[in-house]
Every structure is written in structure tokens, then in C-alpha cells.
Amino acid sequence: MRLSGMQFGIFTVGDVTADPTTGRKPTEAERIRATVTIARKVEEVGLDVFATGEHHNPPFVPSSPTTLLGYIAALTERIILSTSTTLITTNDPVKIAEDFSVLQHLSDGRVDVMLGRGNTGPVYPWFGQDIRAAIPLTVEHYRLLRRLWQEQSVDWSGEFRTPLQGFTLAPQPLDGVPPFVWHGSIRTPEVAELAAYYGDGFFANHIFWPASHTKRMVQLYRQRFEHYGHGSADQAIVGLGGQVFMRPRSQDAIAEFRPYFDNAPVYGHGPSLEEFAAETPLTVGSPQQVIDRTLSFRDYAGDYQRQLFLIDHAGLPLKVVLEQLDLLGEEVVPVLRKEFAIGRPDHVPDAPTHESLARAAAQNAEEQP
């Protein structure tokens, strides 16, 4: 039986938050070490992807994602190492190209990148940029990044950085194949358009928005992907975010997670847990409830390629996060792999990997006259 062709994993935002049930707040060092432990557990339980965000302000610690992922690469053998946001707006595209090429070589190709604008306005002036130029920055920086990964010598000039003359990236991408690029967005149609234009992946991190909004964003991306001639709309590469908290009994999950939800730095002191779970993909309950809710994503997103869950935020202790990973690996993801395969058309592509991209590049080279 063909499995779903999907990748399952987790993403972390790397927040340092006090546990509301004990009042204890981990140190930054403890939080970073815990993140490494979580990544290793992702591989141990049979998931496919570990992804980290990029933040440059408290209470978050992942300000240098490729440093963290390079360390994790040395401790793992199989999982794909990704970002859940690399700031294409405020990072220099030259540095992004260099960092991810090095990470490719260190990890034997087990790396891809998710580009996004981020959700913190003050980060723009910290890195010498203007938030009012966020969309033009995104477009120009990504255009340059693609050239850096694809061309041996780059002459370039643009609006937002100094020109390049005869620049050669070192090291070159592993096997001549750049990391697969996802464009991540919660609310920005221009990002979906950019992903579609280049035929890249689109990651709808719909953890704060209702299904109707995510449906519109994914449909826009799929339609524009087909418009630009990359394939049919259902062949576009889609990823989704989600949030879960599980216990064998749903009422136990709700009771345990409630204080963490109520005090979370992002949505605490707002809607109730029940209201938020009804309006967004947050699922707090039994493993079967997580399975059923996640399978329902296909109803509005179509057959997609990557599902990442947020499970380690809001002050949850490391022990509890590792228990969540055990439940994902043992009870949830094996069922999802089988169920998502049912009715999945053969022409819908599997999730991209370095190996699949390298094969495609070799085949294209052979077909060239």
C-alpha cells in the first residue's frame, strides 16, 4: 500500500515561558537544550520533520536557526531539519544562501527552508529595514536568493542592498540542488502568489485562523500555481500547521492544558479554550480526536504534503512535551499516514526531499538537448 506521501513533524516557536502551574520559568540555556532533546525525540518516535522558528526578541530564543539545526544534524540521522520561519525580509539573502548551503552539506541534504516575513514589527529596524517595504523586500530578496543558489557568478543590483559583482556562493548547494523552499504565511496573499509564481511550496500556518481563511489562501495558491504552468492545482505543494494537546481521556487533556492556554503569551487572556478550539485547528483531547480533526484538514486544503504540529509552547514542561511526541509517534501519525493515503490520486506528488529533487534535476539534465 502506498502511504500518504506526506511528512509529519513538529515546529517550535522557542518561547521561554513560565509554567503557570508551578511558576517556574526555564533559563534560556535550559530552553535551548530542551529544544535539542525534542528534536532527537522527533526522530526516535518516527516523525519526519523538525522545524524551528526565527525570533530576535524575548521571550523567544531561536535567533540563529541554522546554528541550532547544525547541532541537531550531528545528533540525528534521518529527520528533515527545517525552519518554520526564516526571515526573508530582514536577513541578507547572501547569508541565507551561505548558511543553508553549509547546513545541507553537514546534514547530507536533510534540510529545507521556510521563508516568511515574521510577525514582529520591531525586528525590521533592528536589521536596518523598513516594515513598510515588507512585501517589496520579500520579492527582491527571494529573487536574489534563487540566483545565488542557481548561478555560478552573480551580477546583481536592487533597491534594498548594495550591488553584487561576480559573486560566487561557497559552498555551492549539495549536489547542485538548493534546499526546497516553502513560503510560510498566515494572512498574506502576496506570499501565496510568490510561492505559486516560482512553483515552490506554500505553508499555511493556520494556527490562529479559521478553516475558511486557510481554505481561501490555499485555493489562491493552487489556482495561481496552475496559472503559472507548474502543473494542475492539485499538484501544488501544500503544508499546514496545527496545535495539539493529548491525553488518553479528552477531559483530562482539557483540564491539564487549560492553565497553559489561559496564560500563553500569544493568545492567553483572550478567547476561552473552547472558543479558540472551535474557531481554529487547535485540538485538545484524545489521540482519536486529533486524528479526526487532522484528517478533516483535507476537506478544505485538498491532498497536501506536510503537516507540522506545535506542541512545546506556553510553558509546558519538557516531560509533558516528550509524552505528546510519544502519543503522536505511537497512536496518531501511523493512522494519519494510512488514512491520508486513501483516495490520494497517483498524480499528486509526495513531499519533496533532497533525494527526489536531485533525481528530478538529473533527469532534467539528461533530457536537455
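Described in the following lines is the structure provided in the data block. (Residues numbered from 1 in each chain as written. Predicted model: local features only at pLDDT ≥ 70, side-chain atom pairs only at ≥ 80, totals over all residues. Heavy atoms only, no water.)

In this section: the overall build of the chain. Regarding its fold elements, the chain presents 12 helices and 12 strands. For 369 residues, the compact-globule estimate of 2.2 N^0.38 gives 21 Å, and the chain sits close to it at 20 Å. With respect to the three principal axes, the spread of C-alpha positions in the chain is 60 × 50 × 40 Å. Contacts spanning at least 24 positions in sequence make up 73% of the contacts within the chain whose residues lie at least 6 apart. Summing over all exposed atoms, the chain offers an accessible surface of approximately 15,800 Å²; the carbon and sulfur share of this is 52%. If the 32 positive side-chain charges of the chain are averaged to one point and the 45 negative ones to another, these points end up 2 Å apart. (Helix = DSSP H or I, 4+ residues; strand = E, 2+ residues; numbered from the N terminus. Rg over C-alpha atoms; globule rule 2.2 N^0.38 Å. Contact = heavy atoms within 4.5 Å. Areas by Shrake-Rupley, 256 points an atom, 1.4 Å probe, with all protein chains shown as cover. Lys, Arg positive; Asp, Glu negative; His and termini not counted. Charge placed at Lys NZ, Arg CZ, Asp CG, Glu CD.)

Attention shifts here to empty space enclosed by the protein. For the coordinates displayed, the defined rule picks out 1 cavity of 30 Å³ or more. What the largest cavity holds in volume is close to 40 Å³. Surrounding the largest cavity, I88, L115, G116, R117, T138, H183, G184, V191 and L194 form its lining. Going through the elements one at a time, strand 5 (112-116), strand 8 (180-185) and helix 6 (189-198) are the ones with two or more residues in the lining of the largest cavity. Looking at the lining of the largest cavity residue by residue, the class counts come to 4 nonpolar, 4 polar and 1 charged. (1 Å grid on protein atoms, 1.4 Å probe; cavity = no way out; pocket = protein on both sides within 12 Å on 5 of 7 lines; lining within 4 Å. Points joined across faces, edges and corners; volume = space filled by probe spheres on them. Nonpolar A, V, L, I, M, F, W, Y, C, P; charged D, E, K, R; others polar.)

Time to look at the pattern of salt bridges. Under the definition given, this model contains 19 salt bridges. Ionic pairing is found between D92 and R161, a salt bridge with its closest N-O pair at 3.1 Å. A residue pair is termed long-range when its members are at least 10 positions apart, and D92 in the loop between strand 4 (86-87) and helix 3 (93-106) and R161 in the loop between strand 6 (154-156) and strand 7 (164-167) qualify at 69 residues. The partner of R306 in a salt bridge is D112, and the shortest N-O contact between them spans 2.7 Å. With R306 in strand 12 (residues 306-310) and D112 in strand 5, this residue pair connects regions lying 194 residues apart in the sequence. Because the salt bridges share partners, they merge into one network encompassing R247, E256, K319 and E323. (Salt bridge = Lys/Arg side-chain N within 4 Å of Asp/Glu carboxyl O.)

A cis amide bond, omega 10 degrees, links P58 with the succeeding residue P59. Along the chain, the position of P59 falls in the loop between strand 2 (49-52) and helix 2 (65-75). Positive phi values are uncommon outside glycine, yet D108 reaches one of about 55 degrees. Secondary-structure assignment places D108 in the loop between helix 3 and strand 5. For D108, a relative accessible area of 59% puts it in the exposed group. With a phi close to 65 degrees, A314 is a non-glycine residue in the positive phi region. Tracing the backbone shows A314 in the loop between strand 12 and helix 11 (318-341). (Buried < 20%, exposed > 50% of the residue type's maximum accessible area, 1.4 Å probe, protein only.)

Here the focus is the pairing of strand 3 (residues 80-83). Each regular strand displays side chains that alternate between the two surfaces of the sheet. Neither face of strand 3 is left uncovered, since the one carrying I80 and S82 and the one carrying L81 and T83 both have all their residues buried. Here strand 2 runs beside strand 3; their pairing, made up of 4 bridges, is parallel. Looking at strand 3, one finds that A51 is bridged to S82. Once you follow strand 2 into helix 2 and on to strand 3, the crossover reads as right-handed. (Pairing = 2+ DSSP bridges. Right-handed = clockwise from strand over helix to strand, strands pointing away.)

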